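# Summary of structural features
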Amino acid sequence: MAVNQDVSFYMEKALQKATSPDVKRYFLTEWYRKMFPYIPFVTGTLASTMDIEIQHSPETAMKTGLESIDQNIHFKAPYASNMYYGDGFNFTKDQHPLAQARWAQVAAELHGQELVDSLKKYIRRESLK
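Criteria and thresholds
Residues numbered from 1 in each chain as written. Predicted model: local features only at pLDDT ≥ 70, side-chain atom pairs only at ≥ 80, totals over all residues. Heavy atoms only, no water. Helix = DSSP H or I, 4+ residues; strand = E, 2+ residues; numbered from the N terminus. Buried < 20%, exposed > 50% of the residue type's maximum accessible area, 1.4 Å probe, protein only. Contact = heavy atoms within 4.5 Å. Areas by Shrake-Rupley, 256 points an atom, 1.4 Å probe, with all protein chains shown as cover. Expected span 1.5 Å × (residues − 1). Core = buried A, V, L, I, M, F, W, Y, C linked by side-chain atoms within 4.5 Å. Phe/Tyr/Trp six-rings, centres within 6.5 Å; stacked < 30°, edge-to-face > 60°. Salt bridge = Lys/Arg side-chain N within 4 Å of Asp/Glu carboxyl O.

Let's shift gears to the overall build of the protein. When helices and strands are counted, the protein shows 6 helices and 2 strands. Going from N to C terminus, the protein has its helices and strands arranged as α-α-α-β-α-β-α-α. Counting all 129 residues of the protein, 39% fall into the buried class. Taking as baseline every contact in the protein between residues at least 6 positions apart, the subset at least 24 positions apart corresponds to 66%. Approximately 8300 Å² of the protein is accessible, and the part contributed by carbon and sulfur atoms is 53%.

In a regular helix each residue adds 1.5 Å, so 15 residues correspond to 21 Å; helix α2 (residues 21–35) covers 21 Å between its end C-alpha atoms and thus fits that length. By the burial criterion, the buried members of α2 are Val23, Tyr26, Phe27, Leu28, Glu30, Trp31, Tyr32, Lys34 and Met35.

Before going further, it helps to examine the nonpolar core. Counting 27 residues, the largest nonpolar core has Trp31, Met35, Ile39, Phe75 and Trp103 as its most contacted members. Sorting the residues of this core by element identifies α2, α3 (45–48), β2 (68–75), α5 (80–84) and α6 (103–128) as the ones contributing at least two each.

For the structure shown, the criterion picks out 8 aromatic pairs. Taking the centre distance of 6.1 Å and the plane angle of 70° together, the rings of Phe36 and Phe41 count as edge-to-face. Plain terms: the ring middles of Tyr84 and Tyr85 are 5.0 Å apart, the flat faces sit at 85° to each other, and that makes the pair edge-to-face. Residue classification places Tyr84 among the buried residues on the basis of a relative accessible area of 1%. Here Tyr85 falls in the partly exposed class, since its relative accessible area comes to 36%. An aromatic cluster is defined as three or more aromatic residues linked by ring pairs; in this entry it consists of Tyr32, Phe36, Phe41, Phe75, Tyr84, Tyr85 and Trp103.

Glancing now at the pattern of salt bridges. For the structure on display, the rule yields 3 salt bridges. Glu30 is paired through a salt bridge with Arg33; the nearest N and O atoms lie 2.8 Å apart. Linking Glu30 with Arg33, this pair stays in helix α2, spanning 3 residues, or about one helical turn.

For Leu98, the position within the fold is in the loop between α5 and α6. Looking at Leu98, the relative accessible area reads 44%, which means it is partly exposed. When the C-alpha atoms of Leu98 and Phe36 are compared, they prove to be 9.5 Å apart, with 62 residues separating the residues in sequence. Every residue in contact with Leu98, bar those within four places of it in the chain, is listed here: Pro37, Tyr38 and Lys93.

At Arg102, a position not held by glycine, the phi torsion is positive, near 55°. Looking at where Arg102 falls in the secondary structure, it is placed in the loop between α5 and α6. Arg102 gets classed as partly exposed once you look at its relative accessible area, which sits at 26%.

Assignment of secondary structure puts Ser118 in helix α6. Setting aside residues no more than four positions away along its own chain, Ser118 makes contact with Tyr26 and Glu30.

And the structure:
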């Protein structure tokens, strides 16, 4: 079962406009990198079967003439949802000492500003090309 977690990051208006698929993919890759130490890890299946899923929204395209591209991090392991919402679980700390439930939310809370700063740098680099 997929894990869906909505997390908001405050971004200035200039950054909100830079929402190309490449920028979104960069941001989600960085976010995954920050959340990796918090993902429960025994064999590595849960953490390594992540995919940045791109979803095209035909409803938006019909209404606006523009195609909306939504990207999110998708954990493919069948038990991902149970682990994510497993607040009472006793996670093994051998491989990932920081492992815990709701790892995406924790990473966003602890590293949100770092992620936004990294995104700003990426957008600046891309605009200079």
